[in-house]
Amino acid sequence: MESASTSGLFDTHCHLNHPRLLKHLPAVLERARAAGVSQMLVVGYDVPSSQKAVEIASTTAGVVSAVGVHPHDAASVEDGDLAALRALAAHETVVAIGETGLDFYRNLSSQQAQRSAFERHLDLGEELGLPVIIHCREAQDELLAGLEARQPSAVIWHAFEGNETHARRAADLGSLFGFGGLLTRTGGDQLKQVVRELPAERILLETDSPYLLPTGGARGDNEPANLPLIVQIVAEARGESASQVVQTAAENACHVFRLCPDSGS
Ligand SMILES: [Zn+2]
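Residues numbered from 1 in each chain as written. Predicted model: local features only at pLDDT ≥ 70, side-chain atom pairs only at ≥ 80, totals over all residues. Heavy atoms only, no water.

Side note on the packing of helix H4 (residues 79-88) against helix H5 (residues 111-128)
Spelled out, the test is: Lines fitted to C-alpha atoms define the axes here, with helix axes fitted over just the stretch in contact, and angles between the N-to-C directions of these axes take values from 0 to 180 degrees. Per the convention used, a helix needs a DSSP run of H or I reaching at least four residues, while a strand needs a run of E reaching at least two, with both numbered from the N terminus. In what follows, roughly perpendicular refers to angles from 65 to 115 degrees, roughly parallel to angles under 35, roughly antiparallel to angles over 145, and oblique to any angle outside these ranges. Two helices that cross are described as forming a left-handed crossing if the nearer one is turned anticlockwise from the farther one by less than a right angle, and a right-handed crossing if clockwise. Any two residues whose heavy atoms approach within 4.5 Å at even a single point are treated as in contact. In the scheme used here, Gly and all other residues not listed as nonpolar or charged are polar, with Ala, Val, Leu, Ile, Met, Phe, Trp, Tyr, Cys and Pro taken as nonpolar and Asp, Glu, Lys and Arg as charged.
Taken N-terminus to C-terminus, the directions of H4 and H5 make an angle of 30°; their axes are 11 Å apart at the nearest point. One finds that H4 runs roughly parallel with respect to H5. Relative to H5, the crossing made by H4 is right-handed. Contacts between H4 and H5 involve Asp79, Leu82, Leu85 and Arg86 from the first element and Arg120, His121, Leu124 and Glu127 from the second. Here the contact of H4 with H5 is composed, by residue class, of three nonpolar, one polar and four charged.

As for the sheet that holds strand S3 (residues 63-67)
So the rule is basically this: DSSP calls a pair of strands paired once it identifies at least 2 bridges connecting them.
The strand order across the open sheet formed by eight strands is S1-S2-S3-S4-S5-S6-S7-S8, and the pairing between neighbours is parallel. Across the chains shown, the open sheet's two edge strands, defined by having one partner strand only, are strand S1 (9-14) and strand S8 (203-205). Neighbouring strand axes in the sheet, compared pairwise and without regard to direction, differ in orientation by 25° on average. Of the strand pairs in this sheet, strand S2 (residues 37-43) and S3 are connected by four bridges, and their pairing is parallel.

Observations concerning the pattern of salt bridges
Two side chains bearing opposite charge may form a pair once their charged atoms approach each other closely. The test is simple: For this analysis, a salt bridge means a side-chain nitrogen from Lys or Arg found within 4 Å of a carboxyl oxygen belonging to Asp or Glu. Only protein chains enter the area calculation, which uses a 1.4 Å probe; residues under 20% of their type maximum are buried, those over 50% are exposed, and those in between are partly exposed.
Per the counting criterion, the structure on display carries 15 salt bridges. Here aspartate 123 and arginine 150 are joined by a salt bridge, their closest N and O atoms 2.8 Å apart. On the criterion of sequence distance, the pair formed by aspartate 123 in helix H5 and arginine 150 in helix H6 (residues 140-150) is long-range, its members being 27 residues apart. Overall, the relative accessible area of 23% leaves arginine 150 in the partly exposed class.

Examining the side chain of serine 65
On the secondary structure map, serine 65 appears in strand S3. Taking relative accessible area as the criterion, serine 65 reaches 0% and is therefore assigned buried. Setting aside residues up to four positions removed in sequence, serine 65 forms contacts with Leu41, Val42, Ala53, Val54, Ala57, Thr93, Val94, Val95 and Ala96.

A short note on the state of the cysteines
Just so we agree on the cut-off: Pairs of cysteine sulfur atoms within 2.5 Å are identified as disulfides in what follows.
A complete count under the given rule lists one disulfide for this structure. With its sulfur 1.8 Å from that of its partner, cysteine 254 forms a disulfide with cysteine 260. Each member of the pair, cysteine 254 together with cysteine 260, is buried. No disulfide involves cysteine 14; its sulfur sits 17 Å from the nearest other cysteine sulfur, which is in cysteine 254. Exposure remark for cysteine 14: the relative accessible area of 0% places this residue in the buried category.

Shape is all these values report; function is a separate question.
See below:
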């Protein structure tokens, strides 16, 4: 059941580089395309997965990449890793640094290690003129205060889970926001309120595959093919048509990741 409203989708955060999706990548890509998802950003979470993201992007049409080390692994970040990310970022398919940030929910690395790794990713984004993809759990206030002090040029809050006040502060910084499966989970109503109030030009769509399977998605790993479910929720929350949501979100992605013909790089 292909329709105009579900073509031209851009999944701005997926991990096709994750072993769970990588092992059947051709089928995952085929299902994505059949669902109208024509562009995907594969996000690195450590150095090897960042390498893999670049590799997938350079061999797959419509796929771009981001390189970074997840806050869960912040404690293991060494100078050599930053150098490796910087070298990878020179590749033409790399459109962002990340994912990075603070996760004070799981605290798999010490908070101090997370802060330091995050700063280094922000430095790298600034140095290379690339937007930074942020993962933030239960650390919104600290992370916002840090960004307000630094005023980085472009950040994307992936899987945004903050409240309306956080959203307003982040929006004042010029941030973009990625929305996905969390809209279908506990707390989804508060998040829909955020989706409703944000200016349209701040909204990106994402799956975070293989994670964050939306309620209503086929059981198993999440895949980019589930992105139309997110489109429906965002469209309902904003009182817009699905095609409007898809088109605006794709334009937003095109601008922030400098993929538009007129964006100069
Ligand atoms: Zn992710």
